[in-house]
Amino acid sequence: MKTASSQRHAGRLRRHRRVRKKISGTAERPRLAVYRSNKHISVQLIDDLSGHTIAAASTVEPDLRKQGSGSTVDAAKRVGTLIAQRAKSAGVTKVVYDRGGFIFHGRVAAAADAAREAGLEF
């Protein structure tokens with residue numbers, strides 16, 4: 001018998017696979033992939049055609065760790081702003097958003113909104 005947490009995890013992976021069938025990142029429009037754990041959030045810009053990560057930001061980084069907990073909406077906003085700055089420095093302005101099977105609410109939505117406000121186009 002599966003536990004409730006393993007069923008939730010399996011459901012998230014199922015949703016993520018379903019979304020990934022339709023979404024792919026290119027060099028011109030990379031995929032902005034979000035991963036949310038209980039304690040942290042991380043965001044990557046991925047070119048799926050070449051298999052490379054263009055830019056990444058996470059609450060695990062020492063600069064963001066000093067600013068407080070990584071499991072808050074404010075931390076997600078800081079990560080969204082940081083990934084937008086790093087994307088602009090890499091020459092990327094348009095992205096396709098990959099919520100990673102998570103619902104678009106709370107920290108996942110806050111990271112996306114902060115990236116939009118900082119200049120990324122979805």
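Worth saying up front: this structure is predicted, and the values here are computed from it rather than measured. (Residues numbered from 1 in each chain as written. Predicted model: local features only at pLDDT ≥ 70, side-chain atom pairs only at ≥ 80, totals over all residues. Heavy atoms only, no water.)

A. Here's a closer look at the environment of Val-95. Mapped onto the secondary structure, Val-95 falls in the loop between helix H3 (73-89) and strand E4 (96-98). The spacing of Val-95 and Ala-75 is 20 residues in sequence and 21 Å in space, taken between C-alpha atoms. Other than its neighbours up to four places away in sequence, Val-95 contacts Arg-29, Pro-30, Leu-32, Leu-45, Leu-120, Glu-121 and Phe-122. (Helix = DSSP H or I, 4+ residues; strand = E, 2+ residues; numbered from the N terminus. Contact = heavy atoms within 4.5 Å.)

B. Highlighting helix H1 (residues 4-20). With 17 residues, H1 should reach 24 Å at 1.5 Å per residue; the first-to-last C-alpha distance of 24 Å fits that figure. Three or more residues of H1 are buried, namely Gly-11, Arg-12 and Val-19. Looking straight down H1, one finds its buried side chains confined to an arc of 100°; they lie on one side. Residues of H1 that are exposed and point over 90 degrees away from its buried face: Arg-14 and Arg-17. (Expected span 1.5 Å × (residues − 1). Buried < 20%, exposed > 50% of the residue type's maximum accessible area, 1.4 Å probe, protein only. Arc of directions from axis to C-beta.)

C. Looking closely at the packing of aromatic side chains. Overall, the coordinates contain three aromatic pairs when judged by the stated rule. Between the aromatic rings of Tyr-97 and Phe-104, the centroid separation amounts to 5.9 Å while the plane-to-plane angle is 90°, which identifies the pairing as edge-to-face. Owing to a relative accessible area of 41%, Phe-104 belongs among the partly exposed residues under this scheme. Relative to Phe-122, the ring of Tyr-97 lies with its centre 5.3 Å away and its plane at 25°, an arrangement referred to as stacked. In this pair, Tyr-97 sits in strand E4 while Phe-122 sits in the segment after helix H4 (107-117), placing the two residues 25 residues apart along the sequence. According to the relative accessible area criterion, Tyr-97 is buried, its value standing at 14%. Judged by its relative accessible area of 31%, Phe-122 falls in the partly exposed class. Pairwise contacts between aromatic rings join Tyr-97, Phe-104 and Phe-122 into one cluster. (Phe/Tyr/Trp six-rings, centres within 6.5 Å; stacked < 30°, edge-to-face > 60°.)

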